[in-house]
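# Coordinate analysis (summary)
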Amino acid sequence: MFCGDHTGQEPWITDRAGRSLCGMKILISADMEGATGVTWPADCEPGTEQWQRCRSMFTGDVNATVEGLFAGGATEVLINEAHATMRNLLLERLDERAEMITGRHKELSMVEGIQSGDVDGIVFLGYHCGAGDDGVLAHTYLPNAITRVWLDGEPASEGHLNAAVVAEYGTPVILVTGDDRACEDADSYAPLARKVAVKDHVSRYAARCRPPARTAADIRKDAQRAMGLAERTEPAEPRTMTLDVQVDSAHLAQAAALVPGVTRTDVLSVRYTAPNAHEMIRCFKVITTLISRAMEADYG
């Protein structure tokens, strides 16, 4: 098979196993809490002085990933902004070979773009532990109102939920970056993926951080190696999935239960069952939106 084109691309691109990497498209789901240097809420809250500073390091992590992916044989890299307003990365500093989906609102939120069905691998960049776990800025979608999420009875982070979605499109998770606890969490939902810890957990709001030059080198190296894992597989068979969500105040559970099919299981918890991961994550987004709108400034 000839893979060359008018751009001067090498006619044959293979990984270490000799598999063709021609036309390899990679999606990067870019969250911010797990990015280099980010340890404090203001570091990733749009509009703060610290956020402006940390946007540069966040963009640096993404560019290092893009560089490594292309060095490993990727031919197309699409970035989906996945944090807060989803307008955090500095487009003007982005590697010119990549393209980016930025802004809200998107059908599949953090993994928007996967539904095209032609993505050979996905990177979870800047990820973090889930609500109730011990990690830097640990949470699940909402910073504080959600205290725990379970998928089919097992504690689930955003990584778990998003991995379930991309599996239905036959796309493997090939690389995860974040703090050391986020990398450990990823072992349970993407055991084969490469992991890069850019900082080590000290507390929810503190970490032992590596400078951007070091983390960029580590990310670049592992992104290049991760391309050996990029290969679309048979999509996971859609199956029913049950999600349990626990919140920190009764009225938030009451708000979530307004969604048809969502029921309260106790004063602080709701549950719903979806026919597949695609609908599971869409319903979860609706629930989190209702919860966030039901919160009051002082009492939550």
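Not measured: the values here are computed from a predicted model. (Residues numbered from 1 in each chain as written. Predicted model: local features only at pLDDT ≥ 70, side-chain atom pairs only at ≥ 80, totals over all residues. Heavy atoms only, no water.)

### Side note on the pattern of salt bridges
Stated precisely, the cut-off is as follows: A carboxyl oxygen of Asp or Glu within 4 Å of a side-chain nitrogen of Lys or Arg is what we treat as a salt bridge. Going along the chain from the N terminus, every DSSP run of H or I of four or more residues is numbered as a helix, and every run of E of two or more is numbered as a strand. A 1.4 Å probe rolled over the protein chains alone gives each residue an accessible area, and that area as a share of the maximum for its type sets the label: buried under 20%, exposed over 50%, partly exposed in between.
Per the stated rule, a full pass over the model turns up 13 salt bridges. With a closest N to O distance of 2.9 Å, aspartate 120 and arginine 232 form a salt bridge. Placement of the pair is aspartate 120 in the loop between β3 (99-101) and β4 (121-127) and arginine 232 in the loop between α4 (212-226) and β10 (241-247), with a sequence separation of 112 residues. A residue is classified by how much of its surface remains accessible, and aspartate 120, at 5% relative accessible area, is buried. A salt bridge links aspartate 187 to lysine 195, with the shortest nitrogen-to-oxygen separation between them at 3.0 Å. A single salt-bridge network, built from bridges that share partners, covers Glu107, Glu279 and Arg282.

### So, the sheet that holds β4
Spelled out, the test is: A pair of strands counts as paired when DSSP detects no fewer than two bridges linking them. Where helices are involved, their axes are fitted lines through C-alpha atoms of the stretch in contact, as for all axes, and angles between N-to-C directions lie from 0 to 180°.
Pairing is mixed across the open sheet formed by seven strands, whose spatial order is β3-β2-β1-β4-β7-β8-β9. With one partner strand each, in any of the chains shown, β3 and β9 (206-209) form the two edges of the open sheet. Averaged over neighbouring strand pairs, the angle between their axes works out to 25° when direction is ignored. Relative to β4, strand β1 (residues 25-30) runs parallel, the two sharing five bridges. Considered in β4, the bridge of alanine 30 is made with leucine 125.

### Quick word on the packing of helix α2 (residues 158-167) against helix α6 (residues 277-294)
Counted only if it meets this: Under this scheme an angle from 65 to 115 degrees is roughly perpendicular, one under 35 degrees roughly parallel, and one over 145 degrees roughly antiparallel; angles in between are oblique. Here, two residues are considered to be in contact whenever any of their heavy atoms come within 4.5 Å of each other.
Two elements in contact, α2 and α6, have axes separated by 8 Å at closest approach and are oriented at 140°. In terms of their interaxial angle, α2 and α6 are classed as oblique. Contact residues: α2 offers Leu161, Asn162, Ala164 and Val165, while α6 offers Ala277, Met280, Ile281 and Phe284.

### Comments concerning the pairing of strand β8 (residues 194-203)
What counts here: Assignment of crossover handedness uses the view with strands pointing away from the viewer, where a clockwise path from the first strand over the helix to the second indicates a right-handed crossover.
With five bridges connecting them, strand β7 (residues 173-179) and β8 associate as parallel partners. Bridge assignment links leucine 175 to a residue of β8, and that residue is arginine 194. For the segment spanning β7, helix α3 (residues 180-189) and β8, crossover handedness is right-handed. Where β8 folds back on β9, the antiparallel hairpin that results is connected by two residues.

### Structural notes on the packing of α2 against α3
Test applied: Working rule for handedness: look at the near helix, and if it is turned counterclockwise from the far one by less than a right angle, call the crossing left-handed; if clockwise, right-handed. Nonpolar residues are Ala, Val, Leu, Ile, Met, Phe, Trp, Tyr, Cys and Pro. Charged residues are Asp, Glu, Lys and Arg, and all others, Gly as well, are polar.
Running from N to C, α2 and α3 point in directions that differ by 35°, and their axes come no closer than 9 Å. In the crossing of α2 with α3, the sense of the turn from one axis to the other is right-handed. Judged by residue contacts, Gly159, His160 and Ala163 of α2 engage Asp185, Ser188 and Tyr189 from α3. Classifying every residue of the contact of α2 with α3 by side-chain character gives two nonpolar, three polar and one charged.

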